[in-house]
Structures are given as structure tokens and as C-alpha cells.
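Descriptive analysis of the structure
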Amino acid sequence: MFPRTLSLLRGTAQRSNFQISCRNTKSTAYYEPPYLESSKAKYPVYEALTVQVKGYDYPQLENFQKYAHTMATYMDIPVEYCWAHPARHHEVRRFKHHSSAIDATYKILTCERNLKIVNVDSLVLPLYIEVLHTALPEGSKLSVFTFDPEHEKDRYVPDHDLISKMKELDELGGPPRDAVPIPKF
């Protein structure tokens with residue numbers, strides 16, 4: 001009776017584009033569904049990547065980061081989290097022609113927004129980068145690189161008052177160093 005049932009199942013499976021594979025081992029047969037093999041990744045996967053956008057206009061970068069997050073969601077790219085780095089101040093000097101005298105001084109802010117994406121399929125990543133590059137605002141720079149935890153630590157602004165108080169407490173013979181760690185920035 002069992003072989004007849006198996007042949008009926010095979011006939012039904014062939015008509016519905018579904019394959020049944022059976023292995024006969026000492027008069028027992030077991031079913032192995034095809035989706036067990038499909039759960040393995042067919043293409044290489046990037047573990048963790050950082051999408052970095054730098055520019056001079058913070059609201060424009062923030063809007064672009066929202067767009068990048070939305071596009072990643074549409075393309076089934078998991079976004080772990082997003083963050084902003086503190087703005088960096090630059091001073092640019094323009095000199096007079098053929099002299100070392102300063103003609104004008106400009107103060108420029110460089111803003112940076114980051115997006116951490118994980119488990120990105122190697123076929124989807126080039127399309128995602130191309131979509132982002134197409135929509136990139138003027139004067140902005142787009143970079144994609146592997147995630148580095150050290151880069152993430154740069155976003156924290158050091159609390160100089162806390163650090164000085166911790167050193168002062170240490171000098172006065174306060175609690176041992178193991179009890180209260182001194183942050184290193």
C-alpha cells in the first residue's frame with residue numbers, strides 16, 4: 001500500500017511543478033522537501049556595511065539619509081541603525097593674487113550621516129549604491145565601506161567635565177580604578 005501512495009504523490013507533484021525526493025533505506029522511505037536546500041545562500045552576503053554621506057548642508061543630508069533608509073527597506077536590505085557624527089569645523093582662507101596676504105576667510109561645517117546595513121546580498125548591493133548615487137544631493141559625497149566599530153565610537157562627544165572630575169577623584173584617592181572606569185576619548 002505504501003508504494004502505491006508514493007506513486008500517487010509523485011504523479012501529483014509532477015503535475016504541480018513540485019518535486020518529491022525519496023531515499024529507500026532498508027524498507028523505509030523518508031521525505032526531503034526541496035525548500036531545505038533553498039534556505040542556503042546562493043550568492044555571497046556582506047555581513048555589515050556602513051553607508052556614509054558627507055556634505056555641508058545638514059538638513060539636506062538628513063533628508064538623504066531618510067531616503068537611503070527607505071530605499072533599503074524597499075530593496076529588503078536590513079538596516080540595523082543610523083547615526084550622525086558631530087559637525088567638523090573648517091576654516092578656509094583665500095589669498096590675494098601672487099601674495100601671502102589673506103583676502104577672505106570662510107568657516108565651513110562638514111556634516112556626516114551614517115547608515116549601518118547588514119546581510120546584504122552581493123547582487124542587490126550594486127543596485128542599491130547606484131540608486132543612492134543617482135539621488136545624491138549636490139556637494140555631497142557617498143562612501144560605502146565595511147563596518148568598523150572604531151568608526152562608530154567617533155560619534156560620541158567626550159564629556160570633558162566628567163573626565164576631569166574622574167581624574168580629580170583618582171588623585172584624591174577615591175574608589176579603586178576597577179570600581180569606576182575612566183572613559184578614554
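Quick summary incoming for the structure in this document. (Residues numbered from 1 in each chain as written. Predicted model: local features only at pLDDT ≥ 70, side-chain atom pairs only at ≥ 80, totals over all residues. Heavy atoms only, no water.)

1. Some words on the overall build of the chain
Worth spelling out the cut-off: Each helix corresponds to a stretch of at least 4 residues labelled H or I by DSSP, and each strand to a stretch of at least 2 residues labelled E; elements are numbered beginning at the N terminus. Buried, partly exposed and exposed residues are distinguished by accessible area as a fraction of the type maximum, computed with a 1.4 Å probe on protein chains only: under 20%, between the cut-offs, and over 50%, respectively. Any two residues whose heavy atoms approach within 4.5 Å are treated as being in contact. Per-residue and other accessible areas were derived by the Shrake-Rupley procedure at a 1.4 Å probe size, with only the shown protein chains allowed to occlude residues.
Counting its secondary structure elements, the chain contains six helices and six strands. Along the chain direction, N to C, the helices and strands of the chain fall in the order α-β-β-α-β-α-β-β-α-β-α-α. By residue count, 23% of the 185 residues in the chain fall in the buried class. Partitioning the intrachain contacts of the chain with sequence separation of at least 6 by distance along the chain shows that 67% fall at a separation of at least 24. When the accessible surface of the chain is totalled, it reaches about 14,000 Å², and 55% of it is carbon and sulfur.

2. A closer look at the sheet that holds strand 5 (residues 102–121)
Keep this limit in mind: Strands pair, by our definition, only if DSSP identifies at least two bridges between them. The angle between two axes is taken between their N-to-C directions and runs from 0 to 180 degrees, where each axis is a line fitted to C-alpha atoms and a helix contributes only its stretch in contact.
With antiparallel pairing, the four strands of this open sheet are ordered in space as 4-5-3-6. The strands lining the two open edges of the sheet, one partner per strand, are strand 4 (79–95) and strand 6 (141–146). Strand-to-strand twist of the sheet, defined as the mean angle between neighbouring strand axes without regard to direction, takes the value 20°. As defined by bridge partners, strand 3 (residues 45–55) adjoins strand 5 across ten bridges and the pair is classed as antiparallel. Looking at the pairing, Leu-49 lines up with Ile-117 of strand 5. Along the sheet, helix 4 (residues 125–134) contacts strand 3, strand 5 and strand 6; its crossing angle with strand 5, the most-contacted strand, is approximately 150°.

3. Structural notes on the packing of helix 3 (residues 58–74) against helix 4
Where we set the bar: Throughout this description, any angle smaller than 35 degrees is read as roughly parallel, any larger than 145 degrees as roughly antiparallel, any in the 65 to 115 degree range as roughly perpendicular, and the remainder as oblique. Crossing handedness follows the turn of the near helix against the far one: under a right angle anticlockwise gives a left-handed crossing, and clockwise gives a right-handed one. Put simply, Ala, Val, Leu, Ile, Met, Phe, Trp, Tyr, Cys and Pro go in the nonpolar bin, Asp, Glu, Lys and Arg in the charged bin, and everything else, Gly too, in the polar bin.
Contact geometry for helix 3 and helix 4: axes closest at 11 Å, N-to-C directions at 150°. Our classification of the angle between helix 3 and helix 4 gives roughly antiparallel. Note that helix 3 runs across helix 4; the crossing there is right-handed. For the pair helix 3 and helix 4, the contacting residues are Phe-64, Tyr-67, Ala-68, Met-71 and Ala-72 in the first and Tyr-128, Val-131 and Leu-132 in the second. Of the residues assigned to the contact of helix 3 with helix 4, the class counts are eight nonpolar, no polar and no charged.

4. A short note on the nonpolar core
Filter applied, for reference: By nonpolar core we mean a set of buried residues, namely Ala, Val, Leu, Ile, Met, Phe, Trp, Tyr and Cys, connected to one another through side-chain atoms within 4.5 Å.
Within the largest apolar cluster, 18 residues are counted, with the highest numbers of intra-cluster contacts made by Val-51, Ile-117, Tyr-128, Leu-132 and Leu-142. Of all elements in the fold, only strand 3, helix 3, strand 5 and helix 4 reach the threshold of two or more residues within this core. Among the elements that make up this core, the one with the highest residue count is helix 3 (five residues).

5. Things to note about the environment of Pro-78
Note on placement: Pro-78 falls in the loop between helix 3 and strand 4. Look at Pro-78 and you get partly exposed, because its relative accessible area is 34%. Between the alpha carbons of Pro-78 and Ala-48 there is a distance of 10.0 Å; along the sequence they are 30 residues apart. Residues in contact with Pro-78, not counting those within four places in the same chain, are Lys-116, Ile-117, Val-118 and Asn-119.

6. Overview of the pattern of salt bridges
Put simply, the rule reads: For this document, the term salt bridge refers to a Lys or Arg side-chain nitrogen within 4 Å of an Asp or Glu carboxyl oxygen.
Scanning all chains against the criterion turns up four salt bridges. Residue Glu-112 pairs with Arg-88 through a salt bridge whose shortest N-O separation is 3.1 Å. Linking Glu-112 in strand 5 with Arg-88 in strand 4, this pair joins segments that are 24 residues apart in sequence. With relative accessibility at 38%, the residue Arg-88 sits in the partly exposed group. A salt bridge links Arg-94 to Asp-103, with the shortest nitrogen-to-oxygen separation between them at 3.0 Å. Accessibility expressed as a relative area gives 42% for Arg-94, which makes it partly exposed. We classify Asp-103 as partly exposed; its relative accessible area is 40%.

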